[in-house]
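Coordinate inspection notes
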Amino acid sequence: MTATAKSIPDKARAVIIGGGIAGCSVAYHLTKLGWTDVVLLERKKLTSGTTWHAAGLIAQLRATANMTRLAKYSQELYGSLEAETGIATGFRRVGSITVALHNERMEELRRSASMGQGFGVEVGEISVAEVKSRYPHLNTSGVVGAIALPKDGQGDPGNIALALAKGARQRGAQVFEGVKVTATLVQNGRVTGVVWQQGEDTGQIDAGFVVNCAGMWGRDVGLQAGVNIPLHACEHFYIVSEPIAGLEQLPVLRVPDECAYYKVDAGKLMLGAFEPLSKPWGMNGIPEAFEFDQLPEDFDHFEPILDAAVNRMPILGQAGNIRFSTALKVSPPTTPTTSAKPPTCAATSSLRVSTRWGFSPAAARAWRWRSGCTTASGHSTLAMLTLHGRNRSKAIGNTSRIASAKRWACSTPTITHSAKRPPRGV
C-alpha cells in the first residue's frame, strides 16, 4: 500500500463522503463541536465537482426561518474564516439589491425582508431612485421597488472550501484526496462504515456516522446503502465579460422576474440565470474521470435570458468579448418544507433536506431518512446519515449555500469557451 493509503484509519466516529464545500463544512463544524475522530474522503481533488465554479454569492434572505438563520451565520463565518486559517476566501461584503418588476414580487420581497429583520438581518426597502443611484448601469424601466442587504457578499467558493478543510484539519480531522468510496456498509438497518479504494489499494473504515456530501454523485452513494435519492446534475450556464473600463465594485443585483443575477468581479461583469427549465446532464452516469470539468455551451438555450439581460443592463451589450461557461449544479427536488418519496421508500416515509432538523446547509446533501423508510429489500436504513437520534437537536451549523439546480448561459458578439481549471490542493 502507498504511504497515503497506510495513513487512512480503519475506524472513525464520522466518515464524510465528498470534498466539496458541503463536505468540508461538515468536517469543520463537527470538529468545532469537539469531534476529533473525523475522516473526509474525496474521490479526486477537493472542490473538483461543482464547488470550484459556483458563483460565490452569499445571501442572507432565504425562503424559511431556519435557512435565513443559517445564511446569516454563513456570512458571519466567512468574515472571520481567513483570519482563522490563513487561506484567502475572497469574501467581500459588497451588499446586494433585489428588484421587483411587479407588485406581487414586491410583496414577496417585503415579507421576506420582514422575516429577515426578525432574525437580525440588516435589510430594508429602497426606492427605484435609490436603486439607480447604487447601480447606475441598471435600466430601471418597469422596476416598482427593491430591497437592499448591505452585509450580503461574495467570495471564492473553492477557497472557502479549502479554508474550511484546513480549519477542520487544525482541530484533528483527516482529509484524504484521491480516495473513492466504493461501498457503504449497512448492518441491521444502520450504516456502519464504508469501503474505499485508492488506485489498487482498498480498505474499510468502521464508523458510527457516515455523511453523504457527494454532490452530483450523491444519488450513486445513496444507492450503495439501498436508498434511491432523487438528485440529479443539471447544466449550469453563465457568462463573464472582458474587463470593462470604469466598472467599479457594485452590489450583487438580482432580478428574479427575469431569472437573472449580476455581479462584478475584478472589473468584469458576470451574468447568471435561474432558468425556469433546467437541462439535465449525465443521464447515463457521470464519467469516472470527471474533475474540474466544464461542458460545451448551449447558446440557444440561454438566448432568451441574454436578450432580457442586455435590455436590463445595457453595458453588457457593449462589453466586447464574453466568456461563455457551462458547468454543473445539483439540487434536491424538495425545499426544507416539502417532501419527495423515492420509489424505494415506503409510502409512510418522507425524505427531507437535513435543515428540517436544524442541520446546516453545509450538510445540505447529507440527507436523512425518517424512521420507517424501507429499501427495496425491506430493510429499514438511514440514507446518508446523520447525526440522527440523540444528536439531532445540535446543529452542525454551516457556511455553504445550497445552490438551486439551474442552468445558466449567454450570448454576445464574441464567445470563447472557458478552459478546464487545473486541480488545486490544500
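Residues numbered from 1 in each chain as written. Predicted model: local features only at pLDDT ≥ 70, side-chain atom pairs only at ≥ 80, totals over all residues. Heavy atoms only, no water.

Taken as a whole and assessed by the stated rule, the structure comprises five aromatic pairs. Relative to Phe 292, the ring of Trp 52 lies with its centre 5.8 Å away and its plane at 65°, an arrangement referred to as edge-to-face. On the criterion of sequence distance, the pair formed by Trp 52 in the loop between strand E2 (38–42) and strand E3 (57–58) and Phe 292 in the loop between strand E15 (268–273) and helix H8 (299–312) is long-range, its members being 240 residues apart. Given the relative accessible area of 0%, Phe 292 is considered buried. Residues Trp 217 and Phe 290 carry aromatic rings whose centres are separated by 6.0 Å and whose planes lie at 70° to one another, so their mutual orientation is edge-to-face. On the criterion of sequence distance, the pair formed by Trp 217 in the loop between strand E11 (201–212) and helix H7 (218–224) and Phe 290 in the loop between E15 and H8 is long-range, its members being 73 residues apart. Grouping residues by exposure puts Trp 217 and Phe 290 together as buried. (Phe/Tyr/Trp six-rings, centres within 6.5 Å; stacked < 30°, edge-to-face > 60°. Helix = DSSP H or I, 4+ residues; strand = E, 2+ residues; numbered from the N terminus. Buried < 20%, exposed > 50% of the residue type's maximum accessible area, 1.4 Å probe, protein only.)

Further remarks concern helix H2 (residues 21–32). In a regular helix each residue adds 1.5 Å, so twelve residues correspond to 16 Å; H2 covers 16 Å between its end C-alpha atoms and thus fits that length. Burial analysis of H2 places eleven of its twelve residues in the buried class, which makes it a mostly covered element. Every buried residue of H2 is listed here: Ile 21, Ala 22, Gly 23, Cys 24, Ser 25, Val 26, Ala 27, Tyr 28, His 29, Leu 30 and Thr 31. Residues of H2 that are buried sit in contact with strand E1 (11–17), E2, helix H3 (65–85), helix H6 (157–170) and E11. Two residues or fewer after H2 comes Gly 34, characterised by a positive phi angle close to 105°. (Expected span 1.5 Å × (residues − 1). Contact = heavy atoms within 4.5 Å.)

A word on the pairing of E15. Within E15, five of the six residues are buried, leaving the element largely enclosed by the surrounding structure. Alignment of strand E12 (residues 232–241) against E15, held across three bridges, turns out to be antiparallel. In the strand pairing of E15, Ile 239 is matched with Leu 271. Bridging between strand E14 (residues 260–265) and E15 involves six bridges; their strand directions are antiparallel. Paired with Ala 260 across the strands is Ala 273, a residue of E15. Connecting E14 to the next strand, E15, in antiparallel fashion are two residues, including Ala 266 with a positive phi near 55°. (Pairing = 2+ DSSP bridges.)

Attention now goes to the packing of H3 against H6. Close contact between H3 and H6 brings their axes to 10 Å; oriented N to C, the two are set at 55°. It follows from the interaxial angle that H3 and H6 lie oblique. Both H3 and H6 take part in a crossing whose hand is left-handed. Judged by residue contacts, Leu 77, Tyr 78, Leu 81, Glu 84 and Thr 85 of H3 engage Ile 160, Ala 163, Leu 164, Lys 166, Gly 167 and Gln 170 from H6. Broken down by class, the residue content of the contact of H3 with H6 amounts to six nonpolar, three polar and two charged. (Axes fitted to C-alpha atoms, helices over the stretch in contact; angles between N-to-C directions. Parallel < 35°, antiparallel > 145°, perpendicular 65-115°, else oblique. Left-handed = near helix turned anticlockwise from the far one by under 90°. Nonpolar A, V, L, I, M, F, W, Y, C, P; charged D, E, K, R; others polar.)

Turning our attention to the environment of Ile 97. Among the secondary structure elements, Ile 97 is positioned in strand E4 (residues 96–100). Classification of Ile 97 as buried rests on a relative accessible area of 1%. Put simply, Ile 97 and Tyr 261 are 164 residues apart on the chain and 9.8 Å apart in space, counted from C-alpha to C-alpha. Sequence-distant contacts of Ile 97, that is, excluding residues within four places in its chain, are made with Ile 126, Val 131, Arg 134, Ala 146, Ile 147, Ala 148, Pro 251, Val 252, Leu 253 and Arg 254.

The strand order across the open sheet built from six strands is E8-E2-E1-E11-E10-E9, with neighbouring strands paired in mixed fashion. Because the sheet does not close on itself, it has two edges, and the strands there are strand E8 (174–177) and strand E9 (180–187). With strand direction ignored, the average angle separating the axes of adjacent strands in the sheet is 40°. Bridging between E1 and E2 involves four bridges; their strand directions are parallel. When the bridges of E2 are listed, Val 15 appears paired with Val 39. Of the strands in this sheet, E1, E2 and E11 are in contact with H2, which crosses E2 at around 170°.

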